[in-house]
Protein chains: 2
Amino acid sequence: MSRRSRYSRAESLDRAMDLFWSRGYLGTSMKDLEEGLDMRPGSIYAAFGSKEQLFLDALEWYATGMQEEIATLMGDRPLAEGLAAYFQALAKGTASIGVGRACLIVRSLLEAAETQPVIVQRAEAFLSQAESGFKELLEAASARGEIPPDIDGPRLARYLQSQIMGLRVILQRPGLSPVARLALADDMLAGFLAVVGKPGDT
Amino acid sequence: MSRRSRYSRAESLDRAMDLFWSRGYLGTSMKDLEEGLDMRPGSIYAAFGSKEQLFLDALEWYATGMQEEIATLMGDRPLAEGLAAYFQALAKGTASIGVGRACLIVRSLLEAAETQPVIVQRAEAFLSQAESGFKELLEAASARGEIPPDIDGPRLARYLQSQIMGLRVILQRPGLSPVARLALADDMLAGFLAVVGKPGDT
DNA sequence: TCTTAACTTGAATGATCGCTCAACAACAGG
DNA sequence: CCTGTTGTTGAGCGATCATTCAAGTTAAGA
């Protein structure tokens, strides 16, 4: 051993995630990263290997954080209550990170769609992982008797995830009033609960 | 007058739209455009002014085409029938253009979000225009007695649009089976109709 | 047929892209 | 206090970026 690194990996990933989230993969230059991470190119390459690898690491960082946030907000409480809390947090921009921004995974999936297969593959994997998380939440609610016992977990999870992704995309629109945001979140939740087989909330 | 242009504006916009749709704004280089449009840089700049202006023109071209497609598929028939046709066309990739691609307007909104204000502003305007189209379809259905007379048109239109955008985003996922696609479209439609106040379809 | 305005061409521009690496700096073990 | 190893630095690499413009080409009107 001989010299300790100046940089914390967690802090670097936080900052890189924020940059990529705000400007996209192609829209974020190494110069932006050098400034945002306060690192010189050599240190960035020593720590992460390439811009693409740094992006993939930041994407994983994001996916982990998002799953933790959802678990915190929705875990161990009735499904409808947890969902309402989450949808309203999204609509109000109360969610801990990325206020008013669409999901970074979705953003990346769209940006990389037909040109960056490696990124598409990872984004797809993270989406499928998040879908599993929703599936487990739904099946737990089903076991608790909150929703019918014969639900199709994966199918409903996919539907729920699509609703959330759509909501977050539309919430990115600059010209949308706070009232409209909340109404949209309410409608989304109502639609989902209706399909699940539960007429209203609470 | 002295010399006629070799190029058709409609054909150029078709090709530019396809390129931007497939590779994004930043991901499409002038070299890509030169090849795709079969035009030399001077001709592109003479016809469109700049890469950004060409993109904005292509985006408008897309928005117009999309609205025409929706009007064709949903006009002059019961709302639930038209919606079912549209959702299924999306799920099956039967829609005339951009099979398996998310909405170009949404893609552009996300890509440009915090870095290209001009593009964001135009994308927002096209989204709001499309929303108005949905609002009129809903109000017409309401006048025909298909859905309750006291609906909140703009609110429901926003909800419908969010569902469609979310659906199209998720349909972009490569690892999604045809069966899952159709099920998702069904659930989306069922959720929307439930919120509108109509229990089933047909 | 000649003129001339409009259109096309493609080499060249300066800027910026992601990335490399030789030189330098820091610090634990001896 | 040296020595050896690892981390940091930043000038500079070749490639590519969007864009320009002088020169060449086309065809309608005289």
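Residues numbered from 1 in each chain as written. Chains lettered and ligands numbered in written order. Predicted model: local features only at pLDDT ≥ 70, side-chain atom pairs only at ≥ 80, totals over all residues. Heavy atoms only, no water.

Asks: What's the story with the interface of chain A and chain B in this structure? I'm lost.
Replies: Many structure descriptions define interface size as the accessible area lost when the parts assemble. Contacts between chain A and chain B engage 44 residues on the former and 44 residues on the latter. E131 of chain B serves as the salt-bridge partner of R173 of chain A, at 2.8 Å between the closest nitrogen and oxygen. For the pair chain A and chain B, the number of links is 18 residue pairs in polar contact (both at pLDDT 80 or more). Those elements that provide at least two residues to the side of chain A that touches chain B are helix 1 (9-23), helix 6 (104-112), helix 7 (117-143), helix 8 (153-171) and helix 9 (178-196) of chain A. Tallied by class, the residues present in the side of chain A that touches chain B amount to 21 nonpolar, 11 polar and 12 charged. (Contact = heavy atoms within 4.5 Å. Salt bridge = Lys/Arg side-chain N within 4 Å of Asp/Glu carboxyl O. Polar contact = N/O pair within 3.5 Å; in protein donor to acceptor, adjacent residues only side chain to side chain. Helix = DSSP H or I, 4+ residues; strand = E, 2+ residues; numbered from the N terminus. Nonpolar A, V, L, I, M, F, W, Y, C, P; charged D, E, K, R; others polar.)

Asks: Where do I start with empty space enclosed by the protein in this structure?
Replies: Any empty space left between the atoms is revealed when a probe the size of a water molecule rolls over them. Residues and elements named next belong to chain B. Inspection of every chain in the model, using the stated rule, returns seven cavities of 30 Å³ or more. Volume-wise, the largest cavity comes out at about 50 Å³. A per-element tally of the lining of the largest cavity places helix 6 (residues 104-112) first, with three residues. Looking at the lining of the largest cavity, its residues break down into four nonpolar, three polar and one charged. (1 Å grid on protein atoms, 1.4 Å probe; cavity = no way out; pocket = protein on both sides within 12 Å on 5 of 7 lines; lining within 4 Å. Points joined across faces, edges and corners; volume = space filled by probe spheres on them.)

Asks: Sorry, what's going on with the side chain of S12 of chain A here?
Replies: All names here are of chain A. Along the chain, S12 turns up in helix 1. Residue S12 is classed as buried on the basis of its relative accessible area, which comes to 6%. Look past the residues within four positions of S12 in its chain and what remains in contact with it is Y7, L37, M39 and F48. (Buried < 20%, exposed > 50% of the residue type's maximum accessible area, 1.4 Å probe, protein only.)

Asks: Can you help me understand the packing of aromatic side chains in this one?
Replies: Each aromatic ring pair is described using two quantities: the centre-to-centre distance and the angle formed by the ring planes. All names here are of chain A. On inspection of all chains with the given rule, the structure shows 10 aromatic pairs over all chains. Each residue in the set F20, Y25 and F55 is aromatic and connected to the rest through ring pairs, giving one cluster. The cationic tip of K51 hangs over the ring face of Y25; the distance from NZ or CZ to the ring centre is 4.6 Å. (Phe/Tyr/Trp six-rings, centres within 6.5 Å; stacked < 30°, edge-to-face > 60°. Lys NZ or Arg CZ within 6 Å of the ring centre and 35° of its normal.)

Asks: Is there a simple way to think about helix 6 of chain B in this case?
Replies: Note: α-helices contain 3.6 residues per turn, so residues at a spacing of three or four share the same orientation. When you tally the buried positions in helix 6 of chain B, you get nine out of nine residues, the bulk of the element. For helix 6 of chain B, the full list of buried residues reads L104, I105, V106, R107, S108, L109, L110, E111 and A112 of chain B. Buried positions along helix 6 of chain B lie against helix 6 and helix 8 of chain A together with helix 1 (9-23), helix 4 (51-74), helix 7 (117-143) and helix 8 (153-171) of chain B.

Asks: Would you explain the relation of the copies chain A and chain B in this entry?
Replies: Mapping one chain copy onto the other needs a rotation about an axis and a shift along that axis. Structural alignment of chain A on chain B gives an RMSD of 0.0 Å, achieved by rotating through 180° and translating 0.0 Å along the axis. The superposition of one copy onto the other is thereby described by a two-fold rotation axis. The fraction of interface residues of chain A whose copies in chain B are also interface residues reaches 100%, indicating that both copies meet through the same surface. (Least-squares fit on C-alpha atoms with pLDDT ≥ 70 in both.)

Asks: Help me understand the nonpolar core in this model?
Replies: One broad trend across soluble globular proteins is that nonpolar side chains are buried collectively. F87 and I105 of chain A together with F87 and I105 of chain B are the most contacted members of the largest nonpolar core, which totals 138 residues. Residue contacts for F87 of chain B: discarding those within four places in its chain leaves L160, I164, L167, A185, M188 and L189 of chain B. (Core = buried A, V, L, I, M, F, W, Y, C linked by side-chain atoms within 4.5 Å.)

Asks: I keep staring at the protein's contact with DNA strand C and nothing clicks. Help me out?
Replies: Surrounding DNA strand C, one finds 20 residues, the nearest of these being M30, Y45 and K51 of chain A together with S2 and R3 of chain B. Looking at DNA strand C alone, sugar and phosphate atoms form 65% of those within 4 Å of the protein. For DNA strand C, a base oxygen lies 2.8 Å from a polar atom in the backbone of S2 of chain A. Note that a phosphate oxygen of DNA strand C is positioned 2.7 Å from one of the side-chain N or O atoms of K51 of chain A. At the level of secondary structure, the elements contributing two or more residues to the surface near DNA strand C comprise helix 3 (41-48) of chain A together with helix 3 (41-48) of chain B. (Near = heavy atom within 4 Å.)

Asks: What am I meant to see in the environment of Q121 of chain A here?
Replies: All names here are of chain A. Looking at the element boundaries, Q121 is found in helix 7. Taking the relative accessible area as the measure of exposure, Q121 reaches 57% and is therefore exposed. Distance in space between the C-alpha atoms of Q121 and L83 is 28 Å, their sequence separation being 38 residues.

Asks: Please clarify how the protein's contact with DNA strand D should be interpreted in this entry.
Replies: Every one of the 20 residues lining DNA strand D counts as a neighbour, but S2 of chain A together with R3, M30, Y45 and K51 of chain B are closest to it. Close to the protein, within 4 Å, the atoms of DNA strand D are drawn from sugar and phosphate at a rate of 62%. One of the backbone nitrogen or oxygen atoms of G42 of chain A is found 3.2 Å away from a base oxygen of DNA strand D. Within the contact set of DNA strand D, a base oxygen lies 2.6 Å away from a side-chain nitrogen or oxygen of R3 of chain B. Taken together, the residues of the surface near DNA strand D sort by class into six nonpolar, nine polar and five charged.

Asks: Even after reading the chapter, I still don't get the environment of A47 of chain B, so can you show me in this structure?
Replies: You can see A47 of chain B is positioned in helix 3. Separated by 40 residues in the primary sequence, A47 of chain B and Y7 of chain B have C-alpha atoms spaced 9.2 Å apart.

Asks: Mind showing me how you'd approach the packing of helix 4 of chain B against helix 5 (residues 79-92) of chain B here?
Replies: Between two packed helices, what matters for the description is the angle formed by their axes and the separation of those axes. All names here are of chain B. As a packed pair, helix 4 and helix 5 sit with axes 8 Å apart at the nearest point and diverge in direction by 130°. With respect to their mutual orientation, helix 4 and helix 5 come out oblique. On helix 5, the residues that touch I70, L73 and M74 of helix 4 are L79, G82, L83, A85, Y86 and A89. Broken down by class, the residue content of the contact of helix 4 with helix 5 amounts to eight nonpolar, one polar and no charged. (Axes fitted to C-alpha atoms, helices over the stretch in contact; angles between N-to-C directions. Parallel < 35°, antiparallel > 145°, perpendicular 65-115°, else oblique.)

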